[in-house]
Amino acid sequence: MVNASLYRLIFIITLMGISTFASAQGKSGSSVFDIGVYVTNLERTKDFYTSVFGLKVVREWDSMDISFDDENYQTVPLAGLYLVGDNGMHLEFLQRADPAARQEVQEPINHFAIEVADVKATYDLAISKGAKPAFSDERVQYARIGDFRVTHTQIIGLDGERIQILRVLE
């Protein structure tokens, strides 16, 4: 059994790797690179996000090697799935098969948003694939903040993750 400190180390190492990758790509400053979510079934998650949102699998793994000094590595049994969208969005899903070992409500993250071409059609497809409505009235809404306007709704994904489905309006 891997303890919480080791999971924190994995998270820190992942963030360091992401920063190094972004620097190597000529990017400067900080940006969100990916959102990571614990799930109970990676195959079901892969099917949902690839078929509903059109994301592509970048990599899958059953374990990862970590080190404190880049020389002495330890293999950690932590399966995962990494997906990317055509717009550069990255999502990482980590296997936590025991639902009691993960947060049901994934705080402090309230939701993550995925931009789509057709909010209602994507919503309907997601519901048909097992997602649940986040709101009882299931309406697609319009929102604006100054000149920024979107049409959107939210669903609850297969593992309780809250997903905002949106389209930015011109």
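Small disclaimer: the values here were computed from a predicted structure and weren't measured.

Moving on to the overall build of the chain. Per the secondary structure count, the chain includes three helices and eleven strands. The secondary structure elements of the chain, listed N-terminal to C-terminal, are α-β-α-β-β-β-β-β-β-α-β-β-β-β. A fraction of 58% describes how many contacts in the chain between residues 6 or more apart in sequence connect residues 24 or more apart. On the chain, roughly 10600 Å² of surface is accessible, and the fraction owed to carbon and sulfur atoms is 52%.

The next thing to look at is the sheet that holds strand E1 (residues 35-39). Across a sheet, strands are paired by hydrogen bonds formed along the backbone, either parallel or antiparallel in direction. A sheet is described by the order of its strands in space; here four strands give the open sequence E1-E6-E5-E2, paired in mixed fashion. The two strands at the open ends of the sheet, each matched to only one other strand, are E1 and strand E2 (56-61). In this sheet, adjacent strand axes meet at a mean angle of 20° when their direction is disregarded. By the bridge criterion, five bridges tie strand E5 (residues 80-84) to strand E6 (residues 90-95) in an arrangement that is antiparallel. Bridging across to E6, Leu81 finds its partner in Phe93.

Here the focus is the packing of aromatic side chains. Across all of its chains, the model carries four aromatic pairs by this definition. Both rings, one in Phe48 and one in Tyr49, keep their centres 5.1 Å apart while their planes meet at 85°; by these two values the pair is edge-to-face. The pair Phe48 / Tyr49 is uniform in exposure class, with both members buried. A ring pair is formed by Phe48 and Phe53, whose centres lie 6.2 Å apart and whose planes are at 80°; its orientation type is edge-to-face. Of the two residues examined, Phe48 and Phe53, each falls in the buried class. Put simply, the rings of Phe48, Tyr49, Phe53 and Phe93 touch in pairs and so form one group of aromatic residues.

Turning to unusual backbone geometry, a few remarks are in order. Not every positive phi belongs to a glycine, and Asp70 is a case in point at roughly 65°. Its location among the elements puts Asp70 in the loop between strand E3 (64-67) and strand E4 (73-76).

Secondary-structure assignment places Lys46 in helix H2 (residues 42-53). Excluding anything up to four places from it in sequence, Lys46 contacts Val57, Glu60 and Leu81.

A full pass over the atoms with the stated rule returns six salt bridges. Between Asp159 and Arg44 there is a salt bridge, with its nearest N and O atoms 3.3 Å apart. In this pair, Asp159 is assigned in the loop between strand E10 (148-156) and strand E11 (162-169) and Arg44 in helix H2, connecting sequence segments 115 residues apart. Asp159 gets classed as buried once you look at its relative accessible area, which sits at 5%. Classification of Arg44 by relative accessible area gives partly exposed; the value is 34%. For the salt bridge of Asp86 with Lys56, the shortest nitrogen-to-oxygen distance reads 2.9 Å.

Once that is clear, we can look at the confidence of the model for the chain. One rule of thumb: low pLDDT means the predicted coordinates there are not for detailed reading. When pLDDT is averaged along the chain, the result is 80; 75% of the residues meet or exceed 70. A low-confidence stretch, residues 1-24 stays under pLDDT 50, and its non-local contacts, those more than four residues away or across chains, total 22 contacts.

Within the element layout of this structure, Ser67 appears in strand E3. A polar atom in the side chain of Ser67 sits 2.8 Å from the side chain of Asp69.

Rules of the game
- Residues numbered from 1 in each chain as written.
- Predicted model: local features only at pLDDT ≥ 70, side-chain atom pairs only at ≥ 80, totals over all residues.
- Heavy atoms only, no water.
- Helix = DSSP H or I, 4+ residues; strand = E, 2+ residues; numbered from the N terminus.
- Contact = heavy atoms within 4.5 Å.
- Areas by Shrake-Rupley, 256 points an atom, 1.4 Å probe, with all protein chains shown as cover.
- Pairing = 2+ DSSP bridges.
- Axes fitted to C-alpha atoms, helices over the stretch in contact; angles between N-to-C directions.
- Phe/Tyr/Trp six-rings, centres within 6.5 Å; stacked < 30°, edge-to-face > 60°.
- Buried < 20%, exposed > 50% of the residue type's maximum accessible area, 1.4 Å probe, protein only.
- Salt bridge = Lys/Arg side-chain N within 4 Å of Asp/Glu carboxyl O.
- pLDDT = per-residue confidence, 0-100.
- Polar contact = N/O pair within 3.5 Å; in protein donor to acceptor, adjacent residues only side chain to side chain.

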